[in-house]
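Residue-level listing of the chains:
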Amino acid sequence: MKKTFLNLLKQPITNSYLTKIDKKTKSKEFFYNLQVVYDSKTHLVSLSKPVNPKMQFTDKYAHRASQSITMLKAFKKVSQNLKKRFKPNKTMEIGSNDGVFLKNFNKKEIIAVEPCLNLAMITKKMGYLTYPNFWTKSLAKKIFKKYKGIDLIYSANTICHIPNLKEVFDAVSFSLNSDGVFVFEDPYIGSVLKMNSYDQFYDEHVHLFSLLSISKLLKKSNLRIFDVQLLSTHGGSIRFYVCKKFSKFNCSKRVFKLKSKEIKFGLNKYKTYLMFAKRVKKSKKDLLKLLKNIKSKRKKIISYGASYKSATIYNYCNIGTDLIDYAIDTTKNKQGKFTPGKHIPIKAPNGGIKKNVDYAFLGAWNFIKEIKKKEKNFLRRGGKFICHVPKVKLIGL
Ligand code: TMP
């Protein structure tokens, strides 16, 4: 049974940055109610009503995974480890974005699937065979006809975007060789609860996974988890290593350990999620209090990163240009536009935070290490970052 535990109010599509903010554009902006449910049968946490993927993954998709050095390094490392551990001849990536993972592979060794046409064109131009489609059973059949079974299927920050997980897993099960491996990683619900990072809920994050939920769901597609890893990327992610039910892989101790940790933490109890929702309300109150207090002293606050996550915060807390002057973001196709819903202007960083800025809200808090390194001068002259996780706080030198 699905029970709602969190209401993050009216939210826009996080990827829909506005090019102008006149009356007509504003009136056309799409909003939906962001409510989050816990399914007591599967333990899966999901949005109550996902947005139509065709509205999200368009030919104007803004996010570029290779924008951050942290992610470039992370994808290089995982590709090296996977090659060494599984020695795949044929690999496939589901959700290849701008090729940040692909580029660690020889062009003949890997196939890419990417529904956003603008992104699929990037990797096609790089020379990688890219299917500009959503991952479905019919696409799996098409690919299988041509290439037969796949040895390794990899996917990062994509599977949690897809409403119909049964179809995803059935299509994977169909495509894998008998000892093939499916490795996927997405933000981890355990980290969200621990860090109070409620901004991990937005239209694209249709589900947030736990080991408990994914184990249950995979069974229905004759798949099983044989290894698992918790990662620090994206503010806390989980990487699943999956194989066919009767495959050669033995289940690692890490799986049993994490399962009991999740049970101890209460990821299989509705009450745990209700308690989290209470903490979210408090976080909103604390953040607004801090921002208003700073603003009353006539200080300048900007947002560091016009991330998707920050859209959830700004819209839920009702934070607009009254509190945040503008956002800076390195992503070229976000610059010159306005954040969805609250319409905060986005600028290029142009050498970092400007001298007249006193505070920078960490819209990209998951890259804090990288940002602190880049913005040493800001911190040295007394500038402070505002961070809402795990609690609302200021970060200085
Ligand atoms: P993400 O968490 O969804 O990847 O979004 C992070 C955003 O922050 C992305 O738009 C890129 C931006 N960003 C910067 O502007 N400067 C930085 O130094 C980093 C690491 C990210």
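In the block above lies the structure referred to throughout.
Heads up: these notes are all about the structure in this document. Each chain carries its own residue numbering, running from 1 in the direction its sequence is written. In keeping with the predicted nature of the model, local features appear solely for residues at pLDDT of at least 70, side-chain atom pairs appear and are counted solely at 80 or more, and the whole-chain, interface and lining totals rest on all residues. Heavy atoms from the whole structure form the basis of all side-chain values; hydrogens and water molecules are not counted.

This next bit is on the side chain of Ser213. Tracing the backbone shows Ser213 in helix α8 (residues 211-219). Ser213 has contacts with Thr42, His43 and Leu44, leaving out every residue within four places of it along the chain. The numbering of helices and of strands both runs from the N terminus, where a helix is a DSSP run of H or I of at least 4 residues and a strand a run of E of at least 2. Whether two residues are in contact is decided by their heavy atoms: any pair within 4.5 Å suffices.

Let's shift gears to the packing of aromatic side chains. Aromatic rings from Phe, Tyr and Trp, taking only the six-membered ring of Trp, are treated as a pair when their centres fall within 6.5 Å; an angle between ring planes under 30 degrees marks them as stacked, one over 60 as edge-to-face, and anything in between as tilted. All told, the structure shown has 28 aromatic pairs when counted by the stated rule. Geometrically, the ring pair formed by Phe86 and Phe226 is edge-to-face, given 6.2 Å between the ring centres and 90° between the ring planes. Of this pair, Phe86 sits in helix α3 (residues 69-86) while Phe226 sits in strand β10 (residues 223-231), and the two are 140 residues apart along the sequence. Residues Phe86 and Phe226 agree in their burial class; the two are buried. Each ring, one from Phe101 and one from Tyr154, has its centre 4.0 Å from the other, and the planes form 20°; the classification is stacked. With Phe101 in the loop between β4 (91-94) and β5 (110-113) and Tyr154 in strand β7 (residues 150-156), this residue pair connects regions lying 53 residues apart in the sequence. One exposure class covers both Phe101 and Tyr154, and it is buried. In this structure an aromatic cluster arises from ring pairing among Tyr17, Phe57, Tyr61, Phe134, Tyr202 and Tyr308. Whether a charge lies above a ring is judged from NZ of Lys or CZ of Arg, which has to be within 6 Å of the ring centre and within 35 degrees of the ring normal. Over the ring of Phe105 we find Lys83; its NZ or CZ atom is 4.5 Å from the centre of that ring. Of note, Lys284 hangs over the ring of Tyr316, and the distance from its end group to the ring centre comes to 4.4 Å. The rule is simple: take the accessible area with a 1.4 Å probe, protein chains only, and divide by the maximum for that residue type; under 20% is buried, over 50% is exposed, in between is partly exposed.

The next subject is the site of the ligand. Surveying the vicinity of the ligand reveals 16 residues, the closest of which are Lys309, Asp329, Thr330, Lys334 and Lys374. Pairs of N or O atoms within 3.5 Å make up the polar contacts considered here, provided that, within protein, one atom can donate a hydrogen while the other can accept it, and that residues adjacent in sequence are counted only when both atoms are side-chain atoms. Separating an oxygen atom of the ligand from a side-chain N or O atom of Lys309 is a distance of 3.0 Å. What sets the accessible areas is the Shrake-Rupley method with a 1.4 Å probe; for residues, cover comes only from the shown protein chains. Against a free-state accessible area of 490 Å², the protein chains account for coverage of 96% of the ligand. At 3 residues, helix α12 (residues 368-374) tops the list of elements feeding residues into the shell around the ligand. Note on residue classes: Ala, Val, Leu, Ile, Met, Phe, Trp, Tyr, Cys and Pro are nonpolar, Asp, Glu, Lys and Arg are charged, and everything else, Gly too, is polar. Tallied by class, the residues present in the shell around the ligand amount to 4 nonpolar, 7 polar and 5 charged. Note on definitions. A residue lies near a molecule or strand when any single heavy atom of the residue is within 4 Å of it.

Note on strand geometry: in a regular strand, side chains alternate between the two faces of the sheet. Alternating positions in β4 separate into two faces, Thr91 and Glu93 on one and Met92 and Ile94 on the other, with burial throughout. The pairing criterion is simple: DSSP has to find at least two bridges between the two strands. Where β4 lies against β5, 4 bridges are found, and the strand directions are parallel. Within β5, the position partnered with Thr91 by the bridge is Ile110.

Spatial strand order, β1-β2-β3-β9: 4 strands in an open sheet with antiparallel pairing. Each edge of the open sheet is held by one strand with a lone partner, namely β1 (2-12) and β9 (207-208). Sheet topology note: the strand β2 (residues 31-39)/strand β3 (residues 45-47) ladder contains 3 bridges and is antiparallel. Counterpart to Val37 in the pairing with β3 is Ser46. Where helix α11 (residues 308-317) meets the sheet, its contacts fall on β1 and β2, and the angle it forms with β1 comes to roughly 85°. Only C-alpha atoms enter the line fits that serve as axes; for helices the fit covers just the stretch in contact. Angles between N-to-C directions range over 0 to 180 degrees.

What follows covers the sheet that holds strand β8 (residues 176-187). The strand order β6-β5-β4-β7-β8-β11-β10 describes an open sheet built from 7 strands, whose pairing is mixed. Each edge of the open sheet is held by one strand with a lone partner, namely β6 (129-131) and β10. Averaged over neighbouring strand pairs, the angle between their axes works out to 20° when direction is ignored. Judged from the 3 bridges that link them, β4 and β7 form a sheet pairing that is parallel. Each residue of the ladder has a partner; that of Glu93, found in β7, is Tyr154.

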